[in-house]
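Listed below are the residues making up each chain.
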Amino acid sequence: MIARCYLEITNVCNLDCVFCPKTEREKRSLSVSEFELLTDKLRGHIRFLYFHLMGEPLLHRHLPEFVRMAREKGFIPVLTTNGTLLDRVGEALLEAMPHKVQISVHSHEGNGKGAPEDYIGKLMSFSCSAAERGTIVVLRLWNRGGLDSANVRLLDLMAGYVPRPWTERYDGWKMAENIYIEYDSTFEWPDSGREVSGDGEVFCYALRNQIGVLADGSVVPCCLDHEGNIVLGNLFRQSLGEILASSRATAMYDGFTHHKAVEPLCQRCGYAAVTKRFRK
């Protein structure tokens, strides 16, 4: 079983973050029937269903229904969001009981926004309500070495809702039961054009622990293939088993087994290669 599938229910977003590569693909959102079909084909093969690849999932009017459907089919639903719409749809979302909601707090500064008080108030109100209902909330500050100048102010504002001291962790803090702050470094997307330096060895869990499905049904190996550069098949027309058994998918899988990236996009991926993030 593959641990995670990043299912793109929409590739439309309401923000224009400077760190996001965007997508030039046709704007598209899944219908209920399309979501039903895709999840039927993923059922039994995927454990965690992430409602994100590109786009802002809170824009999708059927998101709460999709979360409920995912739970009923045995998936563990996880959401990644910029959090700007939580005051509008947060209650309906929590009624659907997602397992985890990951909020990209760094999106605030990534859009050149002004005073963050309203934004943090919105996030923390949702976070406290979600935590009480058993949903895990991860407040992400993935901007170390980049747009991190506002982090001290953001953390102080968060402390106004969940007072310090917090429990320090290897990647941030546990603020309270089910509420976490997560730090990570910025990274360049693999299609940025920059050549990756290093010894040439790389291992990635793409196709082992994760896959992505774009809004048009295209299956890609990981969540960083935002433009569909490595399309392995289409889940609307094929089974997942058929796609993963394709010659292109097999070559990728075997390449990583031998610590080689066979796809040009993977050869430029700093997330795995430069940081040596994945070890095997």
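Here we summarise the structure given alongside this text. Because the structure is a prediction, the values reported are computed rather than measured.

Remarks on the overall build of the protein
Moving on, step 1. If you tally the helices and strands in the protein, you get 8 helices and 11 strands.
Moving on, step 2. A compact globule built from 280 residues would reach a C-alpha radius of gyration of about 19 Å, and the protein, at 19 Å, matches this within 12%.
Moving on, step 3. Along the three orthogonal principal directions, the C-alpha set of the protein runs to about 55 × 45 × 30 Å.
Moving on, step 4. Buried residues in the protein amount to 52% of all 280 residues.
Moving on, step 5. In the protein, the proportion of contacts linking residues at least 24 apart, taken out of those at least 6 apart, comes to 68%.

Concerning the packing of helix α4 (residues 117-132) against helix α5 (residues 151-159)
Moving on, step 1. It is the contact of α4 with α5, at a shortest axis distance of 10 Å, that shows an interaxial angle of 50 degrees. It follows from the interaxial angle that α4 and α5 lie oblique. Every pair of crossing elements has a handedness; the one defined by α4 and α5 is right-handed. Here E117, I120 and M124 of α4 lie close against α5, whose contacting residues are R153, L154, L157 and M158.
Moving on, step 2. Along the lines of polarity and charge, the residues of the contact of α4 with α5 split into 5 nonpolar, no polar and 2 charged.

What to know about the side chain of K73
Moving on, step 1. Looking at the secondary structure, you find K73 in the loop between α2 (63-72) and β3 (76-81).
Moving on, step 2. Residue class for K73 comes out buried when judged on its relative accessible area of 11%.
Moving on, step 3. Here the side chain of K73 touches E36 through a polar contact of 2.8 Å, side chain to side chain.
Moving on, step 4. When neighbours within four sequence positions are excluded, K73 is seen to be in contact with E36, T39, D40 and R43.

What to know about the nonpolar core
Nonpolar side chains in soluble globular proteins tend to be buried together.
Moving on, step 1. Among the nonpolar cores identified, the biggest contains 72 residues, and F51, I103, V105, L139 and M158 are the most heavily contacted of them.
Moving on, step 2. Among the elements that make up this core, the one with the highest residue count is α4 (7 residues).
Moving on, step 3. Contacts of I103, omitting those with residues within four sequence positions, involve T81, N82, G83, L86, Y119, L123, F126, S127, V137, V138, L139 and R140.

Quick look at the environment of I136
Moving on, step 1. Of note, I136 is situated in strand β5 (residues 136-144).
Moving on, step 2. Between the C-alpha atoms of I136 and H99, which are 37 residues apart in sequence, the distance is 6.3 Å.

Conventions and cut-offs
Residues numbered from 1 in each chain as written. Predicted model: local features only at pLDDT ≥ 70, side-chain atom pairs only at ≥ 80, totals over all residues. Heavy atoms only, no water. Helix = DSSP H or I, 4+ residues; strand = E, 2+ residues; numbered from the N terminus. Rg over C-alpha atoms; globule rule 2.2 N^0.38 Å. Buried < 20%, exposed > 50% of the residue type's maximum accessible area, 1.4 Å probe, protein only. Contact = heavy atoms within 4.5 Å. Axes fitted to C-alpha atoms, helices over the stretch in contact; angles between N-to-C directions. Parallel < 35°, antiparallel > 145°, perpendicular 65-115°, else oblique. Left-handed = near helix turned anticlockwise from the far one by under 90°. Nonpolar A, V, L, I, M, F, W, Y, C, P; charged D, E, K, R; others polar. Polar contact = N/O pair within 3.5 Å; in protein donor to acceptor, adjacent residues only side chain to side chain. Core = buried A, V, L, I, M, F, W, Y, C linked by side-chain atoms within 4.5 Å.

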